[in-house]
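# Fold and contact review
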2 protein chains.
Amino acid sequence: MDPPVQYGFYPVIQSSEKPERTLVPVKALDPSIRETVVWLRGRVHAIRAKGKQCFFVLRQQQYTIQCLLSVSETVDKSMLKFVSSISRESLVDIEGLVKKAPKPVESCTQTDVEIQVLKVFVVSESESRLPLQIEDASRPEGGDESGPDIGVNQDTRLDNRVLDLRTPTNLAIFRLESGVCQLFREALIKEEFIEIHTPKIIATASEGGANVFEVSYFKGKAYLAQSPQLYKQMAVAADFDRVFTIGAVFRAEDSNTHRHMTEFVGLDLEMAFCYHYHEVLDVLDRLFVSIFKGLSIQYKEEIEIIRRQYPSEPFKFLEPSLRLDFPEVVAMLREAGVEMDDEEDLTTANEKLLGKLVKAKYDTDFFIVDKFPYKVRPFYTMPDPTNNKYSNSYDFFMRGEEIMSGAQRIHDPKLLIEKIKEHEIDPAKLQSYIDAFRYGCSPHAGGGIGLERVTMLFLGLDNIRKVSLFPRDPKRLTP
Amino acid sequence: MDPPVQYGFYPVIQSSEKPERTLVPVKALDPSIRETVVWLRGRVHAIRAKGKQCFFVLRQQQYTIQCLLSVSETVDKSMLKFVSSISRESLVDIEGLVKKAPKPVESCTQTDVEIQVLKVFVVSESESRLPLQIEDASRPEGGDESGPDIGVNQDTRLDNRVLDLRTPTNLAIFRLESGVCQLFREALIKEEFIEIHTPKIIATASEGGANVFEVSYFKGKAYLAQSPQLYKQMAVAADFDRVFTIGAVFRAEDSNTHRHMTEFVGLDLEMAFCYHYHEVLDVLDRLFVSIFKGLSIQYKEEIEIIRRQYPSEPFKFLEPSLRLDFPEVVAMLREAGVEMDDEEDLTTANEKLLGKLVKAKYDTDFFIVDKFPYKVRPFYTMPDPTNNKYSNSYDFFMRGEEIMSGAQRIHDPKLLIEKIKEHEIDPAKLQSYIDAFRYGCSPHAGGGIGLERVTMLFLGLDNIRKVSLFPRDPKRLTP
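Position labels on residues start from 1 in each chain and follow its written sequence. Both sets of labels track the order of writing: A upward for chains, 1 upward for ligands. Per-residue local features are limited, in this predicted model, to residues with pLDDT of at least 70; the limit for side-chain atom pairs, both in listing and counting, is 80 or more; totals at the level of whole chains, interfaces and linings are taken over all residues. For the side-chain quantities, the full set of heavy atoms in the structure was used; hydrogens and water were omitted.

An unreviewed UniProt entry annotates chain A as Aspartate--tRNA ligase, cytoplasmic of Tetranychus urticae. UniProt positions are given in the numbering used here, feature names are shortened, and annotations may be inferred rather than shown by experiment. On record in UniProt, under Sequence similarities (unreviewed entry), the comment for chain A is "Belongs to the class-II aminoacyl-tRNA synthetase family. Type 2 subfamily." Its UniProt record gives chain A the following Subcellular location (unreviewed entry) comment, quoted word for word: "Cytoplasm".

Before going further, it helps to spend a moment on the pairing of strand 2 (residues 37–50) of chain B. Residues and elements named next belong to chain B. Only strands joined by at least two bridges in the DSSP assignment are considered to pair. Numbering of helices and strands runs from the N terminus, with a helix taken as a DSSP run of H or I at least four residues long and a strand as a DSSP run of E at least two residues long. Two strands pair when backbone bridges link them, and strand 2 and strand 5 (residues 91–100) are joined in this way by seven bridges, in the antiparallel orientation. Bridge pairing links Gly42 to Val92 in strand 5. Sheet topology places strand 2 next to strand 3 (residues 53–60); seven bridges connect them, and they run antiparallel. Its bridge partner being in strand 3, Val44 is matched across the sheet by Leu58. The turn joining strand 2 and strand 3, which pair antiparallel and follow one another in sequence, is formed by two residues; a positive phi near 60 degrees is taken by Gly51.

Right, let's get into the pattern of salt bridges. Put simply, a salt bridge is a Lys or Arg side-chain nitrogen that is within 4 Å of an Asp or Glu carboxyl oxygen. A full pass over the atoms with the stated rule returns 79 salt bridges over all chains. Glu304 of chain B serves as the salt-bridge partner of Lys300 of chain B, at 3.6 Å between the closest nitrogen and oxygen. One end of the pair is Lys300 of chain B and the other is Glu304 of chain B, both in helix 8 (residues 300–309) and four residues apart, which spans about a single turn. Between buried and exposed lies partly exposed: a residue is buried under 20% and exposed over 50% of the maximum accessible area for its type, with that area taken using a 1.4 Å probe on protein chains only. Residue classification places Lys300 of chain B among the exposed residues on the basis of a relative accessible area of 52%. The partly exposed category is assigned to Glu304 of chain B, whose relative accessible area is 41%. Each of Arg43, Arg59, Glu89 and Arg166 of chain A together with Asp239 of chain B takes part in one network of salt bridges that share partners.

Contacts are assigned to residue pairs that have any heavy atoms within 4.5 Å of one another. Counting residues at the interface gives 107 residues for chain B, matched by 107 residues for chain A. Here the quantity called buried area is the accessible surface, traced with a 1.4 Å probe, that two parts lose on coming together, added over both. Counting each side, the surface lost to burial between chain B and chain A is near 8,900 Å², with a carbon and sulfur contribution of 61%. Along the contact surface separating chain B from chain A lie eight salt bridges. Notably, a salt bridge pairs Glu195 of chain B with Arg185 of chain A, separated by 2.7 Å at the nearest N-O pair. Polar contacts, as used here, are pairs of N or O atoms within 3.5 Å; protein pairs need one atom able to donate a hydrogen and one able to accept it. Residues neighboring in sequence count only if both atoms are side-chain atoms. Counting across the chain B and chain A interface gives 59 residue pairs in polar contact (both at pLDDT 80 or more). Amino acid classes used here: Ala, Val, Leu, Ile, Met, Phe, Trp, Tyr, Cys and Pro are nonpolar; Asp, Glu, Lys and Arg are charged; the rest, including Gly, are polar. In terms of residue class, the side of chain B that touches chain A is made up of 55 nonpolar, 21 polar and 31 charged.

All names here are of chain A. Spatial ordering of the open sheet is given by 7-11-12-17-16-15-14-13, a layout of eight strands whose pairing is mixed. Looking at strand neighbours, the two that pair on one side only are strand 7 (194–195) and strand 13 (322–325), the edges of this open sheet. Note that strand 13 and strand 14 (residues 366–370) share four bridges and pair parallel. Paired with Arg323 across the strands is Ile368, a residue of strand 14. Working convention: axes come from line fits to C-alpha atoms, limited for helices to the stretch in contact. Angles between N-to-C directions cover 0 to 180 degrees. Packed on one face of the sheet, helix 6 (residues 229–237) meets strand 11 (242–250), strand 12 (263–272) and strand 17 (444–450) and runs near 25 degrees to strand 12.

For the bond from Thr478 of chain A to Pro479 of chain A, the omega torsion is -5 degrees, close enough to zero to count as cis. One non-glycine residue, Asp363 of chain B, adopts positive backbone phi at about 55 degrees. In this structure, Asp363 of chain B sits in the loop between helix 10 (348–362) and strand 14 (366–370). Under the relative-accessibility criterion, Asp363 of chain B is labelled partly exposed at 38%.

What follows concerns the sheet that holds strand 17 (residues 444–450) of chain B. All names here are of chain B. Reading across from one edge, 7-11-12-17-16-15-14-13 is the order of the eight strands in this open sheet, with mixed pairing throughout. Whereas interior strands pair on both sides, the edge strands pair on one side only; in this sheet they are strand 7 (194–195) and strand 13 (322–325). With seven bridges connecting them, strand 12 (residues 263–272) and strand 17 associate as antiparallel partners. In the strand pairing of strand 17, Leu269 is matched with Gly447. Its contacts with the sheet place helix 5 (residues 168–190) against strand 11 (242–250), strand 12 and strand 17, and it is angled at close to 155 degrees to strand 11.

You'll often see interface size given as the accessible area lost when the parts meet. What fixes the domain bounds is an automatic or database domain assignment. Examined at the domain level, chain A breaks down into domain 1 (7–124), domain 2 (134–164) and domain 3 (168–467). One C-alpha centre belongs to domain 1 of chain A, the other to domain 2 of chain A, and the line joining them spans 26 Å.

Here we take up the environment of Thr198 of chain A. For Thr198 of chain A, the location among the structural elements is in the loop between strand 7 and strand 8 (201–202). With 33 residues separating them along the chain, Thr198 of chain A and Tyr231 of chain A place their C-alpha atoms 6.1 Å apart. Beyond its immediate chain neighbours, meaning those up to four positions away, Thr198 of chain A contacts Pro228, Tyr231, Lys232 and Thr245 of chain A together with Glu263 of chain B.

Residue and element names in this part refer to chain B. Where helix 5 contacts helix 7 (residues 278–298), the axes come no closer than 9 Å and their chain directions differ by 140 degrees. Classified by the angle between their axes, helix 5 and helix 7 sit oblique to one another. The element helix 5 and its partner helix 7 pack so that their crossing is right-handed. Where helix 5 abuts helix 7, its residues Leu176, Gly179, Val180, Leu183, Phe184, Ala187 and Leu188 lie against Val283, Leu287, Ser290, Ile291, Gly294, Leu295 and Gln298. Here the residues of the contact of helix 5 with helix 7 sort into 10 nonpolar, four polar and no charged. Every angle not falling under 35 degrees, over 145, or within 65 to 115 is termed oblique; those three ranges are roughly parallel, roughly antiparallel and roughly perpendicular. Definitions for this section: a left-handed crossing has its near helix turned counterclockwise from the far helix by less than a right angle. A right-handed crossing has that turn clockwise.

With respect to the helices and strands, His411 of chain B occurs in the loop between strand 16 (401–408) and helix 11 (413–422). Owing to a relative accessible area of 1%, His411 of chain B belongs among the buried residues under this scheme. When the C-alpha atoms of His411 of chain B and Val236 of chain B are compared, they prove to be 9.9 Å apart, with 175 residues separating the residues in sequence. If we ignore the near neighbours within four places in the chain, the residues touching His411 of chain B are Val12, Ile13 and Ser124 of chain A together with Met382, Phe437, Cys441, Ser442, Pro443 and His444 of chain B.

Given below as structure tokens:
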């Protein structure tokens, strides 16, 4: 018996042929090409047989179209039976006739057209039992009109991340996140920054030694870099002047919160300035405004898709951004009833409250706090020239959470050694870093941005794991 | 006594003032602004006092200008003494009058103008003894006309990398390398790829378990990813369709060669295709051609600077690129006297020879070898459909060295488990990877490119450490 020519399983596609066939993208289908025959590839999203008919929804990323197979002169019952039995999430090739839909197809993104199916071949079969349902994983949080909240919990999602990522929301989140990186680079390349790559494996635990992962390195030991901090500064000392780097950053903190991971992506930059670190702060301010503008314009569709599942208020920002000095912030918090010292760092709760106070007063979700207390900042932070209780350092906030920390750095080796000792760190452990400043170095400042935090807070999401492809925390190393 | 107002040391620039002063870039100086007074900031590159005059060369990255200070009505002897004593590599601010040079200044990049110095302030002082001389580190290899080869050896360079990086050649190398990344991304974004970030800390040693670094992970153990391979494939299984990622890649190989490092930068991509992996090979082919073209055009000046110190032949490539099947390559090598089996991998020596044979025959430094023997490739490689001695896999070569390896991957979980077992790997260790293919997956192919190898070979350099900012090898973890 000949193999069926209208339906069946393809053998594993092993590149044995190069057919002339063109696969039409689902999003390109519209009534202008009605009555033409097309080939499509997509996943069987939903399927329902009814008498001599079978309806199924074909999904291609966030786009869906209704397909209809009816027993007729050219379609026999065995074909209907075969198609009805295809498991959801299987990848199929379909040949079909584009039809104008008799009435709008509410359940699909393609509402004006449907496909009258002629041929169906399974390209890659899915197991029939799914650990999570794409439809459940796509439901708005807190339930929608159609019923109670039967969403999928976070661990089930992350345990089955490949399936979970197929929801329109997740695909949109990661398209937008890739946009953050691209907008970051575009803005900095325009300002004559160059991209560098700094080592992740380092000889001694930088920044004091806490919270680092240890690596077996041949017969010795090494550590994973907590940031590219020291190396981007060394690039400035090497006359690179303006550098940025995007890469993995590691923190061995046993923090199990909505905003901590043990591995995340750092968007880092460092820049020589002439006389005042506000030259750098201005660049950073422009950088963020250009990222927010770019996201709002270029990723409008993605933002809409994401908000349907995870509702949030549009992200508001000013141009130029709001800047507050630390003492102003302390005054605002005290006025709201918070008791705190002048030189105390902002707690997470106080950051949140500050975000609300600022939003109420200035109507912005983004702001800069300058002039942090000296004693809450790392050893390499330049003290304020007029009041040594403060420092030339700043944090940037989105919706009341810190997303970037930065400062003018100490570029003078004598002052640096003095501060390293004050912080009770052994200068010998930072020798090659200190050496970088022995042969003259431009004054410089910079900052480190958490990619996932920017994405999470721009979208008003509640957990950083939603914006990490394969998140890592103290309890999760897989998939 | 008042501080000198014409010369002296600035205090450490701590952002105490925001002067209106504009610093003019050295490269912007030309005779059109002669007789104007400008402020410049740069390093004292060379200095020489002679009677009542002092000459010095001011350097700003690769640009240099001659400065002249003469005792006069406004300049006293003590100023001359002060300036003469400034150590080389110190960063200084100069106020001076732009003068048309009486004769071309051969020793500087600015040959038509010089500066008559009015004021000099040291911004950041260098120690007077330098571990290497920038001039020595900038000399053409093998000696130049002016004398014997008194270059700086590799270890001295790397031990003092911040100083070494200040040479015009090194600054140009890293500008060009940042261009490789940007051109890679631009080409792929045009082809609708999105950027992802894959975890570097992984639960089990992928790809068999050899050559991985172990990490202490809280109370357990983890490993550093040898490539983003498994994760970029999982992104394809999650319907991302076309992804790229740039990030650190770790190899615990005790290889001390000119082209191995324990940490390097991987430019990785993975792409779903319709029927044949050559759809992906075509994208890769276009990608490289567009990188090579972009470098040749946008980094012409950098390439010239680098060639002055490290002479090399211009990099030649064809469009589309030359493609050879493995059996053709074996035939070429045999004809040249090499004895090898049909299914034997290319040794480093044979790769080099092949590069020469191809260059002689086809006049290209870049070519693709398709259809590698099945048994020399990793477990996830798709076998050739017609001859199971071969596979749907390819390597890309530049000047006779491999810079990218890639293949169609096995997207069928049954076949994948079969091949994992054949390779004597425990499937349990790859469970979450295998799971990724259980719910339907597009056929896909991709590749992993070594950023540093591409840069090294495009420029015809002899050691990968020359193109790594802070290289890591079994013997080097600092700076």
